[in-house]
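# Coordinates in review
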Amino acid sequence: MRDLRVRAATAADRAAITDLLVSSWGGTTVVGHGTVYDAARLPALVAEREGVLAGLLTYTVADGGLEVVTVDAARRLKPSIPRTGDHGIPLHDELTLELVL
């Protein structure tokens, strides 16, 4: 597998980030926990392989914590992840549940 490079996004990445978000999410607006985000304007990490965008993580920092807003890379890294689950339901989200003790 070719080397994957992860770095902070810059202003020069915004067009590619917007294109990826529109392709993956249908737009740049994302709603989480009652908050509306323009994911294209959030801080981001980009993954590149040979200079080509291979993945994206957008995030926000608030209330003393970091929250991941979008992640785009899993299916590129593991193409065997199905696009459709049981009963014909499209698989397009990845959930992580956390219990703070």
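The coordinates are above.
Source: prediction; values computed, not measured. In this numbering scheme, every chain counts its residues from 1 along its sequence in written order. For a predicted model such as this one, the threshold for reporting local features is a pLDDT of at least 70, and the threshold for listing and counting side-chain atom pairs is 80 or more; totals across whole chains, interfaces and linings nevertheless cover every residue. The side-chain quantities take in all heavy atoms of the structure and omit both hydrogens and water.

### What about the pattern of salt bridges?
The condition is simple: By definition, a salt bridge exists where a carboxyl oxygen of Asp or Glu is found within 4 Å of a side-chain nitrogen of Lys or Arg. Only DSSP runs of H or I with at least four residues qualify as helices, and only runs of E with at least two residues qualify as strands; both kinds are numbered from the N terminus onward. For each residue, the accessible area found with a 1.4 Å probe, counting protein chains only, is set against the maximum for its type, and the residue is called buried under 20%, exposed over 50%, and partly exposed in between.
Going through the model one piece at a time under the given rule, you end up with four salt bridges. With its nearest N and O atoms 3.1 Å apart, the salt bridge here joins Glu48 to Arg5. Placement of the pair is Glu48 in strand S4 (residues 44–49) and Arg5 in strand S1 (residues 5–8), with a sequence separation of 43 residues. The buried category is assigned to Glu48, whose relative accessible area is 13%. The partner of Arg7 in a salt bridge is Glu48, and the shortest N-O contact between them spans 3.0 Å. Within this pair, whereas Arg7 is found in strand S1, its partner Glu48 is found in strand S4, the two being separated by 41 residues in sequence. Just as Arg7 is buried, Glu48 falls in that class too. Through salt bridges that share partners, Arg5, Arg7, Asp13 and Glu48 make up one connected network.

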